[in-house]
Amino acid sequence: MTNTIVLGMQWGDEGKGKIVDLICPAFDAVARYQGGHNAGHTVKFGDRHFALHFLPSGILQEGMSCVLGNGMVISPEAFFAELDGLREAGVEAEGRLFISDRAHVILPTHVNLDTGREETRGASKIGTTARGIGPAYETKSSRSGLRICELASSELDDRLRVQHRQIAPQLSDLGAEPPMRPSALAKACREWAERLAPYVRDTARLLNGWIDKRRRILFEGAQGALLDLDHGTYPFVTSSSSTAGGVSTGTGVPPRRIGGVLGVIKAYVTRVGGGPFVTELDDEVGKHLQERGNEVGTSTGRPRRCGWFDAVAARYAVMLNGTNALALTKLDVLDDLDEIKVCTGYRLGDELIRDFPTRIAVLEKAEPVYRTVPGWKQPTAGVLDFADLPPAARDYIQVLEEEVGVPVGLVSTGPRREETILVDRKEMRRLVSGKLELIAERRDAA
């Protein structure tokens with residue numbers, strides 16, 4: 001029995017939603033552990049299309065229990081909107097969706113502050129989704145935040161007054177929209193508390209209790225390893241721990257109860273927002289990747305920057321997360337290219353760099369060192385057997401495995417659940433507790 005983490009190995013948008021949706025039948029519950037409604041997890045199967053920003057992708061599996069862990073920040077309004085949208089699509093979450101009572105709340109004042117700051121940054125914009133997530137984590141760290149369990153508590157009014165005194169002067173200095181009066185905000189909080197009540201639990205106790213009963217947990221990451229607050233391309237990062245280390249602090253499940261990591265990685269690289277991007281392509285190839293890959297942010301609607309696969313960054317992400325196997329996505333986007341490049345190192349002046357640098361200034365000056373391989377010029381979309389891939393496509397996957405040092409256990413050949421190759425590797429079998437055949441049934445039934 002293995003409890004497994006699925007997380008992104010790049011700057012997000014790797015296709016985690018599809019992978020979680022596909023493999024979740026091998027598990028009994030899916031838990032998110034960080035972030036807020038800044039995720040953009042797209043799930044497609046048959047003629048159905050879901051864009052999830054808040055809820056775990058496992059919510060689409062009938063009967064699957066889903067958890068929003070204490071490491072998340074929760075916008076009640078966004079939560080209700082996503083829940084209502086799923087209900088309209090025929091997906092019911094009652095009785096199987098749970099929110100940590102320790103998760104912090106995103107308030108309208110956080111959104112005002114996020115928006116005001118980003119507007120004043122000018123050319124130095126970070127690229128935040130401006131949904132209040134960063135400021136909510138700030139108030140959490142400053143010990144003035146509001147937790148889900150306190151939405152209708154006796155200390156609510158005092159907490160809101162403290163936050164108001166902290167945030168109101170900042171909003172005034174930014175020329176941003178003024179905050180709600182604490183009394184009006186308290187009324188909204190109590191209304192949220194009443195509607196949230198059926199979902200609120202001590203999820204750390206819930207998850208560990210399930211594991212005691214040998215129920216398998218799939219932990220779903222949001223964003224990507226290179227956006228991690230500590231280990232990412234700071235300051236162009238998210239506000240939480242998006243690497244594997246964030247799972248224990250974000251759910252209350254100890255490390256020894258987590259069995260492995262499946263890293264989701266694109267066959268090329270994309271990035272939304274600001275920050276260094278060594279392999280970025282500002283040419284026709286980059287434009288082709290953007291158009292062919294439909295590279296538009298699920299949460300933001302912004303076009304994604306595109307570039308060649310960066311093995312330096314991927315090796316770094318593998319090291320940080322202890323990745324056991326990779327799910328390679330969007331291989332089919334490369335089908336029409338004559339040649340494909342893989343960045344194997346960076347050059348800084350006369351120095352060849354093999355390890356991912358810490359300083360942004362170094363990344364901004366670094367030049368990619370490429371290994372060029374031939375393209376396959378054949379369609380791979382919808383291929384279901386590894387042996388049916390063009391030889392050059394199989395060779396490309398082998399190059400990535402060699403450069404990154406981790407085997408590929410899944411290959412996505414299209415956006416839909418059914419467009420996936422399951423590679424029978426021992427590492428992959430272990431991560432899904434030997435249930436590859438069950439996953440294949442879900443794929444083929446789509």
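One can find the structure itself at the top, above this paragraph.
Values in this document were obtained by computation on a predicted structure and should not be read as measured data.

Calculation notes
Residues numbered from 1 in each chain as written. Predicted model: local features only at pLDDT ≥ 70, side-chain atom pairs only at ≥ 80, totals over all residues. Heavy atoms only, no water. Helix = DSSP H or I, 4+ residues; strand = E, 2+ residues; numbered from the N terminus. Rg over C-alpha atoms; globule rule 2.2 N^0.38 Å. Buried < 20%, exposed > 50% of the residue type's maximum accessible area, 1.4 Å probe, protein only. Contact = heavy atoms within 4.5 Å. Salt bridge = Lys/Arg side-chain N within 4 Å of Asp/Glu carboxyl O. Polar contact = N/O pair within 3.5 Å; in protein donor to acceptor, adjacent residues only side chain to side chain. Pairing = 2+ DSSP bridges. Phe/Tyr/Trp six-rings, centres within 6.5 Å; stacked < 30°, edge-to-face > 60°. Lys NZ or Arg CZ within 6 Å of the ring centre and 35° of its normal. Core = buried A, V, L, I, M, F, W, Y, C linked by side-chain atoms within 4.5 Å. Disulfide = S-S within 2.5 Å.

Caption draft 1: Representation of the overall build of the chain within the structure. When helices and strands are counted, the chain shows 14 helices and 20 strands. The C-alpha atoms of the chain give 22 Å as radius of gyration, which agrees with the globular expectation for 446 residues (22 Å, within 12%). In terms of its C-alpha atoms, the chain occupies a principal-axis envelope of roughly 65 × 50 × 40 Å. Counting over 446 residues, the chain shows a buried share of 58%. Long-range contacts, defined here as pairs at least 24 residues apart, represent 76% of the contacts in the chain between residues at least 6 apart.

Caption draft 2: Structural detail: the pattern of salt bridges. Under the criterion given, the structure shown has 34 salt bridges. The salt bridge partner of Glu191 is Lys187, with a shortest N-O separation of 2.8 Å. Highlighted residues: Glu191 and Lys187, both in helix α6 (residues 182-196), separated by four residues, approximately one helical turn. Glu280 serves as the salt-bridge partner of Arg305, at 3.0 Å between the closest nitrogen and oxygen. Residue Arg305 is found in strand β13 (residues 305-307), and its partner Glu280 is found in the loop between β12 (269-271) and α9 (284-292); the two are separated by 25 residues along the sequence.

Caption draft 3: Examining the environment of Arg216 more closely. Following the sequence through the fold, Arg216 ends up in the loop between α7 (203-212) and β10 (217-220). Sequence separation of Arg216 and Pro182 is 34 residues, and the distance between their C-alpha atoms is 42 Å.

Caption draft 4: A look at the side chain of Glu295. For Glu295, the location among the structural elements is in the loop between α9 and β13. At a separation of 3.0 Å, a polar atom in the side chain of Glu295 contacts the side chain of Lys266. Beyond its immediate sequence surroundings of up to four residues, Glu295 is in contact with Lys266, Tyr268, Thr270, Leu289, Gln290, Arg302, Pro303, Arg304, Cys306 and Lys330.

Caption draft 5: Here's a closer look at the environment of Asn3. Looking at the element boundaries, Asn3 is found in the segment before β1 (4-8). If we ignore the near neighbours within four places in the chain, the residues touching Asn3 are Ile211, Arg215, Arg216, Ile217, Phe219, Arg257, Ile258, Gly259 and Gly260. There is a polar contact of 2.8 Å between the side chain of Asn3 and the backbone oxygen of Arg257.

Caption draft 6: Representation of helix α4 (residues 133-141) within the structure. If you check which residues of α4 are buried, you get Ile133, Gly134, Pro135, Ala136, Tyr137 and Thr139. For α4, the secondary structure elements touched by its buried residues are β6 (73-74), β8 (104-105), α3 (108-120) and α5 (156-174). Of the residues trailing α4, Arg143 is marked for its positive phi of about 65 degrees.

Caption draft 7: Molecular detail of helix α1 (residues 16-23). Across the eight residues that make up α1, a large majority, eight, are buried. Along α1, the residues that are buried comprise Lys16, Gly17, Lys18, Ile19, Val20, Asp21, Leu22 and Ile23.

Caption draft 8: Highlighting the environment of Gly286. Note on placement: Gly286 falls in helix α9. Along the backbone, Gly286 and Trp308 are 22 residues apart, and their C-alpha atoms lie at a distance of 8.5 Å. Excluding its chain neighbours within four sequence positions, the residues that come into contact with Gly286 are Leu281 and Cys306.

Caption draft 9: Spotlight on the side chain of Asp310. Position of Asp310 relative to the elements: it lies in strand β14 (residues 309-310). Of note is the side chain of Asp310, whose polar atom sits 3.1 Å from the backbone nitrogen of Ala313. Separated by 2.5 Å, the side chains of Asp310 and Tyr346 make a polar contact. Contact partners of Asp310, with chain neighbours within four places excluded, come to Val269, Val278, Thr279, Cys343 and Tyr346.

Caption draft 10: Here's a closer look at the pairing of β1. Most of β1 is tucked away, with five of its five residues classed as buried. Alternating residues of β1 divide into Thr4, Val6 and Gly8 and Ile5 and Leu7, and every residue in both groups is buried. One ladder, built from five bridges, connects β1 with strand β11 (residues 260-266); its direction is parallel. Each bridged residue has a counterpart across the sheet, and for Gly8 the counterpart in β11 is Val264.

Caption draft 11: Seen up close, the packing of aromatic side chains. Within this structure, the stated rule accounts for eight aromatic pairs. Ring centres 6.3 Å apart and planes at 90 degrees place the aromatic pair Phe54 and Phe79 in the edge-to-face group. Here Phe54, found in the loop between β4 (48-52) and β5 (65-68), pairs with Phe79, found in helix α2 (residues 76-88); they are 25 residues apart in sequence, far enough to count as distant. Neither residue differs from the other here; Phe54 and Phe79 are each classed as buried. With a centroid separation of 5.4 Å and an interplanar angle of 80 degrees, the aromatic rings of Phe79 and Tyr199 are classed as edge-to-face. Taken together, the residues span a long stretch of sequence, with Phe79 in helix α2 and Tyr199 in the loop between α6 and β9 (200-201) at a distance of 120 residues. Taken as a pair, Phe79 and Tyr199 share a single burial class, namely buried. Aromatic rings pair up to connect Phe54, Phe79, Phe80 and Tyr199 into one cluster. Over the ring of Trp210 we find Arg215, and its NZ or CZ is 4.6 Å from the ring centre.

Caption draft 12: Up close: the nonpolar core. Among the nonpolar cores identified, the biggest contains 58 residues, and Ile23, Phe79 and Leu262 are the most heavily contacted of them. Of all the elements, α6 adds the most residues to this core, at seven residues. With 54 residues, the next largest nonpolar core counts Met9, Ile265, Ala314 and Ile340 among its residues.

Caption draft 13: Structural context of the state of the cysteines. Here the structure, examined in full by the defined rule, presents zero disulfides. Cys24 forms no disulfide, and the closest cysteine sulfur to it belongs to Cys66, at a distance of 7.8 Å. Between Cys149, a cysteine without a disulfide, and Cys189, which holds the nearest cysteine sulfur, the sulfur-to-sulfur distance is 12 Å.

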